[in-house]
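# A look at the structure
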Amino acid sequence: MQSCDELLQKNKVWAAKKQKEDPDFFNRLADKQSPKFLWIGCSDSRVAPEIVVGAEPGDIFMHRNIANQVIHTDFNCLSVLQYAVSILKVEHIIVCGHYNCGGIKAALDKQRSDLLITNKWLMHIKNTYRLHQDEIDAFDDQNDRFNRLVELNVVEQIHALSHTSVIQESWRENGGPTLHGWVYGVHDGIITPMITLKATDEINPIFQYRQVK
Ligand SMILES: [Zn+2]
């Protein structure tokens, strides 16, 4: 892909092909969406969620940011989460990280003075590194250290989801959604599941909401 004109041209070709294969396709999607999945992924261009899992428009509600983070002060992500759970009633939430993630690599380096805002976003990953520093530093190879932090970061975000009022309330009232932490291999296209949390799993008491009587 070289230009925006090319993107628009390819869009016309795609829409015509879709219409030809399934004449009712756009009509079905025009009025409403009912996706079963919320995908929280990295902004990285190499991880194209619908493509790598063979999904279609309408299948996946989506939120992406640098290094697929769920931050409790990020109202963008939390709004997407609340709408997905409370209104769309998605059955599964997937946090998908990926190996060779530039955000993770940057977080394991010194802070850059030309990226003051991005530094703050990456601070959460630096804290995850501090939590697991002994395990990560035990790897001799720097790439192994990066990639282990990619995995641990995904696990951390699944726990962060389980600490939200949105998820705890939905687990209590609806028994779902199920939370899945995955890592995508940009080198082979394969997704590796890392963690699954369900409504029946115990949350650390200090993150549980106190029930108001
Ligand atoms: Zn990334």
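It should be emphasised that the depicted structure is a prediction, and the values quoted were computed from it without experimental measurement.

## Brief notes about the packing of helix H4 (residues 75-87) against helix H9 (residues 165-174)
Each pair of packed helices gets described by two things: the angle between the helix axes and the distance between those axes. Where H4 contacts H9, the axes come no closer than 10 Å and their chain directions differ by 10 degrees. In terms of orientation, H4 lies roughly parallel with respect to H9. H9 is crossed by H4, and the crossing has left-handed handedness. Residues Leu81, Gln82 and Val85 of H4 form the contact with H9, whose participating residues are Val166, Ile167 and Ser170. When the residues that make up the contact of H4 with H9 are grouped by side-chain class, the tally is 4 nonpolar, 2 polar and no charged.

## What about the packing of aromatic side chains?
How two aromatic rings sit relative to each other is given by the distance of their centres and the angle of their planes. Scanning all chains against the criterion turns up 4 aromatic pairs. Both rings, one in tryptophan 14 and one in phenylalanine 26, keep their centres 5.8 Å apart while their planes meet at 80 degrees; by these two values the pair is edge-to-face. Remark: phenylalanine 26 occurs in helix H2 (residues 25-31) and tryptophan 14 occurs in helix H1 (residues 4-21); sequence separation between them is 12 residues. Taking the relative accessible area as the measure of exposure, tryptophan 14 reaches 39% and is therefore partly exposed. Residue class for phenylalanine 26 comes out partly exposed when judged on its relative accessible area of 29%. Among the aromatic side chains, those forming a connected cluster through ring pairs are Trp14, Phe25 and Phe26. Note that lysine 18 overlies the ring of phenylalanine 25, its terminal NZ or CZ placed 5.0 Å from the centroid.

## Regarding the side chain of glutamine 69
On the secondary structure map, glutamine 69 appears in the loop between strand S2 (60-65) and H4. Those residues in contact with glutamine 69, other than ones at most four positions away along the chain, are Ile40, Cys77, Trp121, His124, Ile125 and Gln157.

## Here we look at the pattern of salt bridges
When the charged atoms of two side chains with opposite charge come close together, those side chains can pair. Across all of its chains, the model carries 9 salt bridges by this definition. The salt bridge partner of glutamate 56 is lysine 18, with a shortest N-O separation of 2.7 Å. Of the two residues, glutamate 56 is situated in the loop between helix H3 (49-52) and S2 and lysine 18 in helix H1; the sequence distance between them amounts to 38 residues. The class of glutamate 56 is partly exposed, set by a relative accessible area of 32%. Among the ionic pairs, arginine 28 bridges to aspartate 24, the shortest N-O distance being 3.9 Å. Residue classification places arginine 28 among the partly exposed residues on the basis of a relative accessible area of 46%. The structure contains a network of salt bridges with shared partners spanning Asp22, Asp24 and Arg28.

## Details of the side chain of threonine 164
Tracing the chain through its elements places threonine 164 in the loop between helix H8 (142-162) and H9. Exposure remark for threonine 164: the relative accessible area of 5% places this residue in the buried category. Engagement of the side chain of threonine 164 in a polar contact is seen with the backbone oxygen of leucine 161, the distance being 2.7 Å. Reaching out from threonine 164, the side chain makes a polar contact with the backbone nitrogen of isoleucine 167 at a distance of 3.3 Å. For threonine 164, the residues in contact, after removing those within four places along its chain, are His72, Leu78, Leu81 and Tyr209.

## A few points about the coordination of the zinc ion
Taken together, Cys42 (SG), His98 (NE2) and Cys101 (SG) make up the protein donors of the zinc ion, found 2.1 to 2.3 Å from the metal. One chain supplies every donor for the zinc ion, spaced along it as C-x55-H-x2-C. On the criterion of sequence distance, the pair formed by cysteine 42 in strand S1 (residues 37-42) and histidine 98 in strand S3 (residues 92-98) is long-range, its members being 56 residues apart. Its relative accessible area of 1% is what places histidine 98 among the buried residues.

Definitions and limits used
Residues numbered from 1 in each chain as written. Predicted model: local features only at pLDDT ≥ 70, side-chain atom pairs only at ≥ 80, totals over all residues. Heavy atoms only, no water. Axes fitted to C-alpha atoms, helices over the stretch in contact; angles between N-to-C directions. Helix = DSSP H or I, 4+ residues; strand = E, 2+ residues; numbered from the N terminus. Parallel < 35°, antiparallel > 145°, perpendicular 65-115°, else oblique. Left-handed = near helix turned anticlockwise from the far one by under 90°. Contact = heavy atoms within 4.5 Å. Nonpolar A, V, L, I, M, F, W, Y, C, P; charged D, E, K, R; others polar. Phe/Tyr/Trp six-rings, centres within 6.5 Å; stacked < 30°, edge-to-face > 60°. Buried < 20%, exposed > 50% of the residue type's maximum accessible area, 1.4 Å probe, protein only. Lys NZ or Arg CZ within 6 Å of the ring centre and 35° of its normal. Salt bridge = Lys/Arg side-chain N within 4 Å of Asp/Glu carboxyl O. Polar contact = N/O pair within 3.5 Å; in protein donor to acceptor, adjacent residues only side chain to side chain. Donors = N, O, S within 2.8 Å, 3.2 Å for Na, K, Ca; no water.

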